[in-house]
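Chain residues, written in single-letter form:
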Amino acid sequence: MNPLFDQLFAKNQDSKIFLSFFDLDKTLTYDKFLNEIKCTANCLKKCGLEKGDCLVLQIEKSHHVFTIYGACVQLGIIFIPLNTSYTGFEVEYFLNDSECKIFITTSKMLKELGSLEKKRSFNIETIDADYKGSFFSKFNENEPLDFIEGLDENDTAAILYTSGTTGQSKGAMLSQKNLLSNALTLSKAWEFTASDILLHALPIYHTHGLFVATNIALISGSQIRFLKKFDVDDIILNLPSTTVMMGVPTFYTRLLENNKLNKEITKNMRLFISGSAPLLEDTHKKFNDLTGHNILERYGMTETNMITSNPYTGDRKAGTVGVVLEDVEIRVVAVENKKEVLKNGEIGVIEVKGPNVFKGYWKQPEKTKSEFREDGFFITGDMGYLDQDQYLTIVGRNKDLIITGGLNVYPKEIETIIDTHSDVEESAVVGVLHPDFGEGIIAIIVEKSGQTVNLQSLKETLRKNIAGFKLPKKFHIIKELPRNSMGKVQKNILRDTYKDEFRETNK
Ligand code: AMP
């Protein structure tokens, strides 16, 4: 029994197109894809890999990532894809931590890891563009392997390392059940079918592009229009011939800046999905005005897969991440008294339980224990509240909560008001050390192109809308907010940049 392999990789065995490569002007059919997986599995077996071994992969976005993922699932090998922007120094940590048996990478990374190559305790194989590299010389010699490893639903299928904005990155162990249940739930919730063509411009080392986008397409037998990276012009070119797009909010803000975005080019699209970072209400509204489409926002994380989604049919509420997915439970608990489940409208920490929630952190049983409640709920670290219709709104990460003069301030509340100012593009509010208040509030603002924010009028607006203790003590105008590859604002960088702002001051 290997349900994940059966449902994702072995279900579609015909000549229907799985991938259409936009830049290469070629396609890969499902039957050929399965054949490549089986040849790769043979290759991995000959490299000495067995069920439960770890395989680390760091290569540029290409269909080989999917093939190797499939071969790992076929043999019960734990698949560990790494962010392609990690340097040799960072990669070394993941290789050691995972205790992998094989590292598949590019010749370029291999050069960077020169010193490491000498003291390795695992195999290193290279894959470069266009079927080059040591792994492919082996691959070409191999016949498809029909053997499929029998696996339990709780066996680990993959480890995704968290982005680690605080402290060291941790490996989240995702079981067969975690991945399969979420793929089934989401494909049903978003009504995916074999006629869909998914516009895929996300990275595939992260849960969004890999497990959300790809697993759903595989389980539904849909086609993926494969773009190596996000490029606004390429997206515009592909919109007329695709039906669904998944993106991070920056995809949508960039698209809105392009004057070719309109109702006509999106008329064949049935769904635009956003996640991984907050989508501004303003973006939601502008996108609807221009295209007639209501972006569907959903929420999840590496450890939990997807947790909530706005409905496919029904009210998609801008600014919310929708309602809890089938078979998943959430609750909002008080920050101080963690046993207290809060009422609708009250802000607290979001906790989640369900078949989607990971098994734990790799080799970190103590850390795992501290992140789960005794009754099995996982503490997400996100703060939010439920409304009367059970729609969830995220107000930020728990660690981003500002405590100033002993009072809690949620950055999102202030950011939302600042963002409504006509000259503001976006903002981020952080708290940094303050000798008097504990933390002092700073607002960092990006102006709309060609506009200048009148700080006096902005402060007036804030004063009218929020209590005095929530008013930022300092304002900074910058060109761009620091973001990671998934479009998340890196508040840790902002906190670091402005950490000395209130030192030696009582203002
Ligand atoms: P990652 O593990 O990299 O997927 O990051 C997960 C985190 O991204 C969550 O814990 C949230 O803080 C954030 N996130 C994901 N989706 C959303 C969303 N729709 N709105 C706001 N934050 C989100």
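Quick note: structure is the one above.
I will try to describe carefully the structure that is included in this document. On a predicted model such as this, the values are computed, not experimentally measured, just so you know. (Residues numbered from 1 in each chain as written. Predicted model: local features only at pLDDT ≥ 70, side-chain atom pairs only at ≥ 80, totals over all residues. Heavy atoms only, no water.)

The next point concerns the sheet that holds strand S11 (residues 244-247). In sheet architecture, strand pairing relies on hydrogen bonds along the backbone and comes in two forms, parallel and antiparallel. Spatial strand order, S2-S1-S10-S9-S11-S12-S13-S14-S15: nine strands in an open sheet with mixed pairing. Each edge of the open sheet is held by one strand with a lone partner, namely strand S2 (26-29) and strand S15 (323-324). By the bridge criterion, two bridges tie strand S9 (residues 197-200) to S11 in an arrangement that is parallel. Counted as the bridge partner of Leu199 is Met245 from S11. (Pairing = 2+ DSSP bridges. Helix = DSSP H or I, 4+ residues; strand = E, 2+ residues; numbered from the N terminus.)

Right, let's talk about the pattern of salt bridges for a bit. Tallying each qualifying case throughout the model produces 24 salt bridges. In this structure, Glu351 engages Arg331 in a salt bridge whose closest nitrogen and oxygen atoms are separated by 2.9 Å. Of the two residues, Glu351 is situated in strand S17 (residues 348-353) and Arg331 in strand S16 (residues 329-333); the sequence distance between them amounts to 20 residues. Comparing Glu351 with Arg331, the two get one shared label, buried. Of the charged contacts in the structure, one is a salt bridge between Arg373 and Glu351, with a shortest N-O distance of 2.5 Å. Here Arg373 is found in the loop between helix H13 (365-371) and strand S19 (378-386), whereas its partner Glu351 is found in strand S17, with 22 residues between them in sequence. (Salt bridge = Lys/Arg side-chain N within 4 Å of Asp/Glu carboxyl O. Buried < 20%, exposed > 50% of the residue type's maximum accessible area, 1.4 Å probe, protein only.)

The next subject is helix H8 (residues 176-189). In a regular helix each residue adds 1.5 Å, so 14 residues correspond to 20 Å; H8 covers 20 Å between its end C-alpha atoms and thus fits that length. H8 sits mainly inside the fold: ten of its 14 residues count as buried. Each element contacted by the buried residues of H8 is listed here: helix H1 (3-9), helix H3 (63-75), strand S7 (156-161), strand S8 (171-175), helix H9 (207-220) and strand S14 (305-309). With its phi angle positive at about 55 degrees, Glu191 sits one or two positions after the end of H8. (Expected span 1.5 Å × (residues − 1). Contact = heavy atoms within 4.5 Å.)

With that out of the way, let us pick up the site of the ligand. Taken together, 16 residues lie near the ligand, and Glu297, Arg298, Thr302, Asp382 and Lys488 sit nearest. Between the ligand and Ser276, the relevant distance is 3.1 Å, taken from a nitrogen atom to a main-chain nitrogen or oxygen of the residue. In the complex, the protein chains occlude 91% of the 500 Å² of accessible area that the ligand would expose alone. The greatest single-element share of the shell around the ligand, amounting to five residues, is contributed by strand S13 (residues 296-301). For the shell around the ligand, the class distribution of residues is five nonpolar, six polar and five charged. (Near = heavy atom within 4 Å. Polar contact = N/O pair within 3.5 Å; in protein donor to acceptor, adjacent residues only side chain to side chain. Areas by Shrake-Rupley, 256 points an atom, 1.4 Å probe, with all protein chains shown as cover. Nonpolar A, V, L, I, M, F, W, Y, C, P; charged D, E, K, R; others polar.)

Counting buried positions along S8 gives five out of five residues, so the element sits mostly inside the fold. Of the pairings in the sheet, the one linking S7 to S8 comprises five bridges and is antiparallel in character. By the bridge assignment for S8, Leu160 is matched with Ala172. Across two bridges, S8 lies against strand S18 (residues 360-361) in antiparallel orientation. Bridge assignment links Met173 to a residue of S18, and that residue is Gly360.

So, on to H9. Of all the bends in H9, the greatest, near 25 degrees, is centred on Thr214. Of all 14 residues in H9, 14 are buried, a share of seventy percent or more. Gly221 lies just past H9 and shows a positive phi near 70 degrees. (Bend = angle between axes of the 7 residues up to and from the residue.)

Turning to the side chain of Glu125, a few remarks are in order. Tracing the sequence through the fold places Glu125 in strand S6 (residues 123-126). Using a relative accessible area of 5% as the deciding quantity, one classes Glu125 as buried. Side-chain polar atoms of Glu125 contact the side chain of Ser134, separated by 2.8 Å. Residues in contact with Glu125, not counting those within four places in the same chain, are Cys47, Ile102, Phe103, Ile104, Thr105, Ser134, Phe135 and Lys138.

Right, let's talk about the sheet that holds S19 for a bit. Strand order in the open sheet formed by four strands is S16-S17-S19-S20, and the pairing between neighbours is antiparallel. Unpaired on one side and paired on the other, S16 and strand S20 (392-397) mark the two borders of the sheet. For this sheet, the mean inter-axis angle between neighbouring strands, taken without regard to orientation, is 45 degrees. (Axes fitted to C-alpha atoms, helices over the stretch in contact; angles between N-to-C directions.)

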